[in-house]
Amino acid sequence: MGLLTARHPARLVAIGFALAVVVGTAVLMLPIATESGESTSLVTALFTATSAVCVTGLVVVDTGSHWSMFGELTILTLIQVGGLGIMTLASMLGLLVARRMGLRMQLVAQAETRSVQLGDSRRVVIGVILLSLAVEAVIATILSTRFVLGYDENVGRGIYLGVFHAISAYNNAGFSLYADSLMPFASDLWILVPIVVGFVIGGLGFPVVFEAYRRLVRRLRSATAPARGWSLHTKITVITYAILAVAGAVAITAAEWSNPATLGPMGLVDKVTNGVFQGMSPRTVGFNSIDIGAMHPSSLLVTDMLMFIGGGSAGTAGGIKVTTFALLAFVVIAEIRGEPTVHVMGRNLAPTVQRQAITVVLLGVGAVVASTLAIMFMTEYRLETVLFEVVSAFATVGLSTGITADLPAGAQLLLVVLMFVGRLGPITLATALALRERGRRYEYPEERPIVG
């Protein structure tokens, strides 16, 4: 196993998640997992298990009515395993890449990142678990209290609802025990705000949260301790995440402001609240407080873009990641300015990193385009509807216009593959590219073909 980890870490991650999906599928096919007591079909069980392990949230049956409590707890377990596994394995793969570098590069990386440093393997695992359980516990307490006091649920049911939605939110899964997601709570800030806090913390990524936590602890221990600068990764992640969150919230609110099927009938406060919530949800939690199928086509397009970009690296969010998007933006800016190298916040961006970012994005675009075409051949749905489902699956978001359950089995299986590839692809691909880097003993003459 050690040799496999060293030589093929991406393969090991894929095998681990595939095994989790297989076990989850088998358990969900048991009659005890459904309310009716009948066995669930293989495609439905496989789709649900993959969606849970890959913390997506797309469903082909209603979670609250189709599955028994045993089935729901199985889904919740798969979400927790998938979320913890993604954060832990993504952070560990980053450490593995660092260890394959030379000593000098290791020291440079350690001085630069200050987030997940060399030799932190044990701390990574423990830190991810403790962070996850702590955040989920706080959010579950708030939600459970609200369900009991505000919606007359008995204590047991209220705690169950609170824990389920807290775990689903923090892991960016988007599974809900309500058929229409969070639409019944569109006017309840005590439900919406904790959900947002949960998926933002999970979506920023463990390295960012861990660095912020260490700075806070250091400050509390010694108020006079000299302030250290934030790592480049944290600065890029937080700034880009914030910009996209604001842009998404403004765009969705503006587009849906007068839509009679979404924000139109709401009051001013509820319009702003739900516009902000729906603008941040694609990053990539999958909860919705308004009807996605009734949204304006421009809102669907904005959501497509936000879903594809996703959240922070080594977190529970999906997509190509905000750091990848930001680095490509810096590359474009440098090219427009005619600069020979790419500078990012006082640092020089290595050409290998640029190529890795471009590769991840182009392969992601290729997967989305090919899958969209394939499903359009299988069905008669419009382009914007199919594209939305495909991007949601690839970016492991879980938002849907309502067609997922009506798709043919072949299209649903394609979404299963997309969820799996989309969840593991950016992480495993970037790691594989970094570990395969090697020098050449010769080089061909340079030539510049015409571009554009």
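Since the structure is predicted, the reported quantities are computational estimates derived from the model, not experimental observations.

1. Thoughts on the overall build of the chain
Consideration 1: Helix and strand counts for the chain come out as 17 helices and two strands.
Consideration 2: The buried share of the chain, taken over its 452 residues, is 50%.
Consideration 3: Contacts in the chain between residues far apart in sequence, at least 24 positions, make up 70% of those at least 6 positions apart.
Consideration 4: In the structure as shown, the chain presents an accessible area of about 21,100 Å², 67% of it carried by carbon and sulfur atoms.

2. Some words on helix α14 (residues 322-337)
Consideration 1: Under the 1.5 Å per step criterion, the end-to-end length of α14 is 23 Å for 16 residues, consistent within 8% with the ideal 22 Å.
Consideration 2: Along α14, the residues that are buried comprise Val-322, Thr-323, Thr-324, Ala-326, Leu-327, Leu-328, Val-331 and Ala-334.
Consideration 3: In the core, the buried residues of α14 are packed alongside α11 (232-256), α13 (297-309), β1 (342-344), β2 (347-349) and α15 (351-378).

3. Regarding the packing of α11 against α14
Consideration 1: Interhelical geometry of α11 versus α14 gives an angle of 90° and a closest axis separation of 9 Å. Judged by the angle between their axes, α11 and α14 are roughly perpendicular. Here His-233, Ile-236, Thr-237, Thr-240, Tyr-241 and Leu-244 of α11 come into contact with α14, specifically with Val-322, Thr-323, Phe-325, Ala-326 and Leu-327.
Consideration 2: Class assignment for the residues of the contact of α11 with α14 results in seven nonpolar, four polar and no charged.

4. Points about the side chain of Ser-371
Consideration 1: By secondary structure assignment, the location of Ser-371 is in helix α15.
Consideration 2: Here Ala-367 takes part through its backbone oxygen, which lies 2.8 Å from a polar atom of the side chain of Ser-371.
Consideration 3: Ignoring any residue separated from it by four or fewer positions in sequence, one finds Ser-371 in contact with Val-390, Leu-414 and Leu-418.

5. Structural notes on the environment of Ser-299
Consideration 1: You can see Ser-299 is positioned in helix α13.
Consideration 2: Taking the relative accessible area as the measure of exposure, Ser-299 reaches 1% and is therefore buried.
Consideration 3: Considering only alpha carbons, one finds Ser-299 and Ala-254, 45 residues apart in sequence, at a separation of 9.1 Å.
Consideration 4: Beyond its immediate sequence surroundings of up to four residues, Ser-299 is in contact with Ile-252, Ala-255 and Glu-256.
Consideration 5: In terms of polar contacts, Ser-299 uses its side chain to reach the side chain of Glu-256, at 2.5 Å.

6. Details of the confidence of the model for the chain
Consideration 1: Put simply, the chain has an average pLDDT of 86, and 85% of its residues get 70 or more.
Consideration 2: By mean pLDDT, the top-scoring element of the chain is helix α3 (residues 42-53) (97), and the lowest-scoring one is helix α6 (residues 103-113) (41).
Consideration 3: Below a pLDDT of 50 lies the segment residues 1-6, which in the model reaches seven contacts outside its immediate sequence neighbourhood of four places, other chains included.

7. Some remarks on the environment of Val-276
Consideration 1: Mapped onto the secondary structure, Val-276 falls in helix α12 (residues 268-280).
Consideration 2: Here Val-276 falls in the partly exposed class, since its relative accessible area comes to 33%.
Consideration 3: Contact partners of Val-276, with chain neighbours within four places excluded, come to Ala-249 and Thr-253.

8. Topic: unusual backbone geometry
Consideration 1: With a phi angle near 55°, Ser-181 is a residue other than glycine that sits in the positive phi range.
Consideration 2: By the secondary structure assignment, Ser-181 is in the loop between α8 (155-170) and α9 (189-204).
Consideration 3: Looking at Ser-181, the relative accessible area reads 7%, which means it is buried.
Consideration 4: Even without being a glycine, Met-345 presents a positive backbone phi close to 50°.
Consideration 5: Structurally, Met-345 can be placed in the loop between β1 and β2.

9. As for the packing of α13 against helix α16 (residues 383-394)
Consideration 1: One can describe the packing of α13 onto α16 by two numbers: an axis separation of 9 Å at closest approach and a directional angle of 20°. On the basis of the axis angle, α13 is roughly parallel to α16. In terms of crossing hand, the pair formed by α13 and α16 is left-handed. When α13 is examined against α16, the residues Leu-300, Thr-303, Asp-304, Met-307 and Phe-308 are found in contact with a partner set consisting of Glu-384, Leu-387, Phe-388, Val-391, Ser-392 and Phe-394.

10. Quick word on the packing of aromatic side chains
Consideration 1: Tallied over the entire structure, the rule returns nine aromatic pairs.
Consideration 2: Both rings, one in Phe-147 and one in Phe-185, keep their centres 5.7 Å apart while their planes meet at 75°; by these two values the pair is edge-to-face. Note that Phe-147 is positioned in helix α7 (residues 121-150) and Phe-185 in the loop between α8 and α9, a separation of 38 residues in sequence.
Consideration 3: Between the aromatic rings of Phe-206 and Phe-210, the centroid separation amounts to 5.1 Å while the plane-to-plane angle is 15°, which identifies the pairing as stacked.

Reading the values: the criteria
Residues numbered from 1 in each chain as written. Predicted model: local features only at pLDDT ≥ 70, side-chain atom pairs only at ≥ 80, totals over all residues. Heavy atoms only, no water. Helix = DSSP H or I, 4+ residues; strand = E, 2+ residues; numbered from the N terminus. Buried < 20%, exposed > 50% of the residue type's maximum accessible area, 1.4 Å probe, protein only. Contact = heavy atoms within 4.5 Å. Areas by Shrake-Rupley, 256 points an atom, 1.4 Å probe, with all protein chains shown as cover. Expected span 1.5 Å × (residues − 1). Axes fitted to C-alpha atoms, helices over the stretch in contact; angles between N-to-C directions. Parallel < 35°, antiparallel > 145°, perpendicular 65-115°, else oblique. Nonpolar A, V, L, I, M, F, W, Y, C, P; charged D, E, K, R; others polar. Polar contact = N/O pair within 3.5 Å; in protein donor to acceptor, adjacent residues only side chain to side chain. pLDDT = per-residue confidence, 0-100. Left-handed = near helix turned anticlockwise from the far one by under 90°. Phe/Tyr/Trp six-rings, centres within 6.5 Å; stacked < 30°, edge-to-face > 60°.

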